[in-house]
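A closer look at the structure
What follows is each chain in one-letter form.
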Amino acid sequence: MNKDLLSCADLTHDDFVKLMELSAKIKRERGTPQAAKPLAGKSIGLIFAKASTRTRVSFEIGVQELGGYPIYLESGKTQMGRGETIPDTAKVLERYLHGIVIRTFAQADVEGLAANSKYPVINALTDDYHPCQVLTDMFTMLEYKGKLEGLKMAYLGDGASNMANSLMLVCQLAGVDLAIGAPEEYRPSQKIMDRNLGPGKCSWTTDPYEAVKDADFIYTDVWVSMGFEEEAKERIRVLKPYQLDMAKLKAAKPDAKVMHCLPAHRGDEITDEVMDCDQSIVFDEAENRLHVQKAIMTMLMGN
């Protein structure tokens, strides 16, 4: 496995399989005497430039449960917020820390930290990628279906978002066929769609009903991510036909599961009826962030 997790392109298929197996083991053993402490004696920096609920809580708890010490750093209140360069910051922090988790805006900042640090860097979200979330999504799907290869996922909404980018990469690795339903204005990256990291195939359509046809899982995400607030009115107008409502859920397989990385803007990308229905597994995804991120840290930062 690479030193860092900057996107799912850093993983091989074997890495992915090992990560899924380790996540299951860590979840099963949580709170038992068998639970490993691979971060014992290690301090992990958590650098956050974006607001967070799930990511911060799950990483802080995860580091502690693995035996390490989490140090929360709000980037705006560090010297990074006053103009210290990424390389200088990385070279200082590696003298104190044994690994860095960063949630920020620019992917280049994450890559810069990784390039200038001898210790692992984990991307906890940028405007381009959200690898920890989509790896959690695959683990959650595996729990429900017992397999991944050959399944179909439909993603409705902004096809150019960090979630769409990340789902394309991880579905290729996992062997899941991904159909993105998105308007021309927010079409997915052809370059990422063509990466061919594994057996999973990616496709794009402007017809949301075509995207969800025969889907085992339907995924959606907020239409206005942090940093895009000025575009909110236009985004909501263009993406409204891609709202995950009961009509689209019923157009998928009868037992299709509903997924969302949260937080949800109910009434925009997803209706209350779908969010709260029996087929919704969004809170299982949220729980599994803890277990999968513990597995990622174990593989990258463990003794």
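Refer to the structure presented above.
Each chain has its residues counted from 1, running along the sequence as written. Only residues with pLDDT of at least 70 get local features here, since the model is predicted, and only at 80 or more are side-chain atom pairs given and counted; chain-wide, interface and lining totals rely on the full set of residues. Side-chain measures here rest on the full set of heavy atoms in the structure, leaving out hydrogens and waters.

Turning our eyes to something else, we now look at the overall build of the chain. Each helix corresponds to a stretch of at least 4 residues labelled H or I by DSSP, and each strand to a stretch of at least 2 residues labelled E; elements are numbered beginning at the N terminus. Within the chain, the regular secondary structure consists of twelve helices and nine strands. Note on method: radius of gyration uses C-alpha positions; expected globular size equals 2.2 Å times residues raised to 0.38. Relative to the compact-globule value of 19 Å for 303 residues, the chain shows a C-alpha radius of gyration of 19 Å, a close match. Across its three principal axes, the chain shows a C-alpha extent of roughly 55 × 45 × 35 Å. Within the chain, the fraction of its 303 residues that count as buried is 55%. All accessible-area figures derive from a Shrake-Rupley calculation using a 1.4 Å probe, and residue coverage is judged against the displayed protein chains alone. Carbon and sulfur atoms make up 49% of the accessible area of the chain, which totals about 12,900 Å². Under this rule, positive means Lys or Arg and negative means Asp or Glu; His and the chain ends count for nothing. A charged residue contributes its charge at one atom only: NZ of Lys, CZ of Arg, CG of Asp or CD of Glu. Taken as two groups, the 36 positive and 44 negative side-chain charges of the chain have centres that lie 4 Å from each other. Using a 1.4 Å probe on the protein chains alone, a residue whose accessible area is under 20% of its type maximum counts as buried, one over 50% counts as exposed, and one in between counts as partly exposed.

Put simply, helix α1 (residues 13-29) and helix α12 (residues 282-301) touch, their axes get as near as 8 Å, and they point 120° apart. Of the possible angle classes, the one that applies to α1 and α12 is oblique. Regarding α1 and α12, the two cross each other, and that crossing is right-handed. Residue-level contacts link Asp15, Lys18, Leu19, Leu22, Ser23, Ile26 and Lys27 of α1 to Glu287, Asn288, His291, Val292, Lys294, Ala295, Ile296, Thr298 and Met299 of α12. Across the contact of α1 with α12, the residue classes break down as seven nonpolar, four polar and five charged. Note on definitions: angles span 0 to 180 degrees between N-to-C directions of axes, and those axes are lines fitted to C-alpha atoms, for helices only across the stretch in contact. Roughly parallel means an angle under 35 degrees; roughly antiparallel, over 145; roughly perpendicular, 65 to 115; everything else is oblique. Definitions for this section: a left-handed crossing has its near helix turned counterclockwise from the far helix by less than a right angle. A right-handed crossing has that turn clockwise. Whether two residues are in contact is decided by their heavy atoms, any of which lying within 4.5 Å being enough. As a working rule, the residues Ala, Val, Leu, Ile, Met, Phe, Trp, Tyr, Cys and Pro are called nonpolar, Asp, Glu, Lys and Arg charged, and the rest polar, with Gly in that last group.

Empty space among the atoms becomes visible once a probe the size of a water molecule is rolled across them. Considered as a void within the structure, the second largest pocket measures approximately 160 Å³ in volume. What lines the second largest pocket is a set of 14 residues, and nearest its centre among them are Ile26, Ala35, Ala36, Leu66 and Lys294. Those elements that provide at least two residues to the lining of the second largest pocket are α1 and α12. Here the residues of the lining of the second largest pocket sort into six nonpolar, two polar and six charged. Cavity means a closed set of points on a 1 Å grid over the protein atoms alone, one where a 1.4 Å probe fits but cannot get out, pocket means an open set with protein on both sides within 12 Å along at least 5 of 7 lines, and lining means a residue has an atom within 4 Å of a point. Grid points are joined across faces, edges and corners, and a volume is the space filled by probe spheres set on the points.

A few words on helix α9 (residues 232-239). Among all positions in α9, only Arg235, Val238 and Leu239 are buried. One side of α9 holds all its buried residues, which, seen down the axis, span an arc of 85°. Of the exposed residues in α9, the ones pointing more than 90 degrees away from its buried face are Lys233 and Arg237. Our arc is simply the arc of the directions from the helix axis toward the C-beta atoms.

Looking now at the sheet that holds strand β9 (residues 257-260). Two strands make a pair as long as DSSP finds a minimum of two bridges between them. The five strands are arranged β7-β6-β5-β8-β9 in an open sheet whose pairing can be described as parallel. The sheet is open, and its two borders are formed by β7 (202-205) and β9, each paired with just one other strand. Strand-to-strand, the axes of this sheet are offset by a mean angle of 20°, without reference to chain direction. Relative to β7, strand β6 (residues 177-181) runs parallel, the two sharing four bridges. When the bridges of β7 are listed, Ile180 appears paired with Trp204.

Before going further, it helps to spend a moment on the packing of aromatic side chains. Here a pair means two rings of Phe, Tyr or Trp (six-membered ring of Trp) with centres within 6.5 Å. Their orientation is stacked below 30 degrees between planes, edge-to-face above 60, and tilted elsewhere. Following the criterion strictly, the structure yields two aromatic pairs and no others. Summarising the aromatic geometry, the rings of Phe48 and Tyr72 are spaced 5.5 Å apart at their centres and angled 45° between planes, so their arrangement reads as tilted. Of this pair, Phe48 sits in strand β1 (residues 43-48) while Tyr72 is found in strand β2 (residues 69-74), placing the two residues 24 residues apart along the sequence. Against the face of Tyr72 rests Arg56, its NZ or CZ located 3.5 Å from the ring centre. Only when the NZ of Lys or the CZ of Arg is both within 6 Å of the ring centre and within 35 degrees of the ring normal is a charge said to sit over the ring.

Any carboxyl oxygen of Asp or Glu that lies within 4 Å of a side-chain nitrogen of Lys or Arg is treated as forming a salt bridge with it. Applying the stated rule across the entire model yields 18 salt bridges. The partner of Arg187 in a salt bridge is Glu184, with the nearest N and O atoms 3.0 Å apart. Judged by relative accessible area, which is 44%, Glu184 ranks as partly exposed. For the salt bridge of Asp276 with Arg266, the shortest nitrogen-to-oxygen distance reads 2.9 Å. Separated by ten residues along the polypeptide, Asp276 in the loop between α11 (272-275) and α12 and Arg266 in the loop between β9 and α11 bring together distant segments of the chain. Looking at Arg266, the relative accessible area reads 39%, which means it is partly exposed. A network of salt bridges, in which partner residues are shared, links Lys27, Glu143 and Glu287.

All right, on to the state of the cysteines then. Disulfides are defined in this document as cysteine sulfur pairs within 2.5 Å. This structure, assessed with the given rule, holds zero disulfides. Note on Cys171: no disulfide assigned, nearest cysteine sulfur contributed by Cys202 at a separation of 6.3 Å. Take Cys277: it sits in no disulfide, and the sulfur closest to it among the cysteines is that of Cys261, at 17 Å.

This part is about the nonpolar core. In a soluble, globular protein the nonpolar side chains are often hidden away together inside. As used here, the term nonpolar core means buried Ala, Val, Leu, Ile, Met, Phe, Trp, Tyr and Cys residues forming a set that is joined through side-chain atoms within 4.5 Å. Formed by 57 residues in total, the largest nonpolar core has its most connected members in Leu135, Met138 and Met153. Per-element accounting of this core gives the leading share, nine residues, to helix α6 (residues 162-174). Leave out the neighbours within four places in its chain, and Leu135 touches Leu5, Cys8, Leu11, Phe16, Leu19, Met20, Val170, Val292 and Ile296. Ala154, Val212, Val258 and Met275 belong to the second largest nonpolar core, which has 19 residues in total.

Everything listed here is a matter of geometry and, on its own, says nothing about what the molecule does.
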